[in-house]
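Residue-level listing of the chains:
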Amino acid sequence: MKDPRVEQLAKNLINYSVQLQPGEKVLIENFGLQKELVVALVKEAYAAGGYPFVSIKDHQVDRALLMGAKEEQFDMMADFEAEVMKKMDAYIGLRSGDNINEHADVPDEKMKIQGNTVGKKVHREIRVPKTKWVVLRYPNSAMAQLAKMSTEAFEDFYFNVCNLDYSKMDKAMDSLVELMNKTDKVRLISPGTDLTFSIKDIPAIKCAGRLNIPDGEVYTAPVRNSVNGTLTYNTPSPYQGFTFENVKLTFKDGKIIEATSNDTERINKIFDTDEGARYVGEFAIGVNPYILHPMQDILFDEKIAGSIHFTPGQCYDVAPNGNDSNIHWDMVLIQRPEYGGGEIYFDDVLIRKDGLFVLPELECLNPENLK
């Protein structure tokens, strides 16, 4: 029996997220076969007058390729995929897997090969700046387990999150975008965190269902050399097949000068990937009213209501601070009371306390007003 929620999600992705127009080509890339959504997307793309193309990939196959990876082979793979991506007007990336640690034993130097080839030449240089794109996870029992929920309860949660009225959220974000665009100094205070930086003259960008599903953040970037102080993240952060916890970063003039975690050696190897890996490319505020707790999936966790994420690595072209890196690592700090609380100040004015916006023009972004 068809699930009407899947069909609604496909309609939203084709018509709202990538706004597919007659004659446009869309690449549907699926890691982990979730054929009900792929089929629904193909049908919706045809209904919109577009041309769907489908690529099916698998995390275990990807691991096998990486374990034997050589740069010249991955250069050829990148050239092949880049030729396809150049012809696309839109991209929908579906991610689903049974094991978030599938790449845990892939050596760092092999992961770097993928980032320097396919990641750079296909995604950072073509897909991100030159197509209308959206990336999403798809629910399965493994995700339900990470969320500490039954499979049925997690599916209900997932579709509430993914099929909410993003056009309403889009309008509500305007006041925060306007304020961030006028702001110079930002200060974050939480247990283990006292951090200052500038966002002066770097555009604030609202994310309301166009690039990610689920969505719900407004992001910018810190002025590259302006970050000073300490930030302690309080959510688990999977990266390159390993889940990092208790991550604490100390910054001086923009650079991470000290990093500790449950595997301090491993995390510093990541930050030594290249020069830009020790600088920050994104600062974002999460507002999704249905996402309240981390589930070790960054597409969900970075949208948690009452959270921020502060991202070592590559900046976005639409919010540029000049930082260039092969990594982009969204790590999350939740500031609601049950996670220790915290404050955000813009130019020494308190704008959010314990996860709730306190300025009247921003209260429309509090969870009870977005549902």
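Scroll up for the structure.
Residues numbered from 1 in each chain as written. Predicted model: local features only at pLDDT ≥ 70, side-chain atom pairs only at ≥ 80, totals over all residues. Heavy atoms only, no water.

## Observations concerning helix 1 (residues 4-17)
- For helix 1, with 14 residues, the first-to-last C-alpha span of 18 Å sits near the 20 Å given by 1.5 Å per residue.
- Where helix 1 is concerned, the buried positions are Val6, Leu9, Ala10, Asn12, Leu13, Ile14, Tyr16 and Ser17.
- On its buried face, helix 1 is in contact with helix 2 (35-47), strand 3 (90-95), strand 4 (132-137), helix 7 (151-162), helix 8 (166-172) and strand 8 (212-213).
- Capping the start of helix 1, aspartate 3 holds a side-chain oxygen 2.9 Å from the backbone nitrogen of arginine 5, two or three residues further along.
- Positioned one or two residues after helix 1, glutamine 19 has a phi angle of 45°, which is positive. (Helix = DSSP H or I, 4+ residues; strand = E, 2+ residues; numbered from the N terminus. Expected span 1.5 Å × (residues − 1). Buried < 20%, exposed > 50% of the residue type's maximum accessible area, 1.4 Å probe, protein only. Contact = heavy atoms within 4.5 Å. Polar contact = N/O pair within 3.5 Å; in protein donor to acceptor, adjacent residues only side chain to side chain.)

## Things to note about the packing of helix 4 (residues 71-86) against helix 5 (residues 108-130)
- At a minimum axis distance of 8 Å, the contact between helix 4 and helix 5 shows a crossing angle of 15°. For the element pair helix 4 / helix 5, the angle class is roughly parallel. Crossing geometry of helix 4 relative to helix 5 is assigned as right-handed. Across from Glu71, Phe74, Asp75, Met77, Ala78, Asp79, Glu81, Ala82, Met85 and Lys86 in helix 4, the residues of helix 5 making contact are Ile113, Gln114, Asn116, Thr117, Val118, Lys121, Val122, His123, Ile126 and Arg127. (Axes fitted to C-alpha atoms, helices over the stretch in contact; angles between N-to-C directions. Parallel < 35°, antiparallel > 145°, perpendicular 65-115°, else oblique. Left-handed = near helix turned anticlockwise from the far one by under 90°.)

## Observations regarding the sheet that holds strand 9 (residues 217-220)
- Pairing is antiparallel in the open sheet, where five strands are placed in the order 7-9-15-16-17. Each edge of the sheet is formed by a strand with only one pairing partner; in this case those strands are strand 7 (205-207) and strand 17 (332-334). Within the sheet, the average angular offset between the axes of one strand and its neighbour, ignoring direction, is 20°.
- Each of strand 7, strand 9 and strand 15 (280-286) is contacted by helix 9 (residues 174-182), which is oriented at about 20° to strand 9, the strand it contacts most. (Pairing = 2+ DSSP bridges.)

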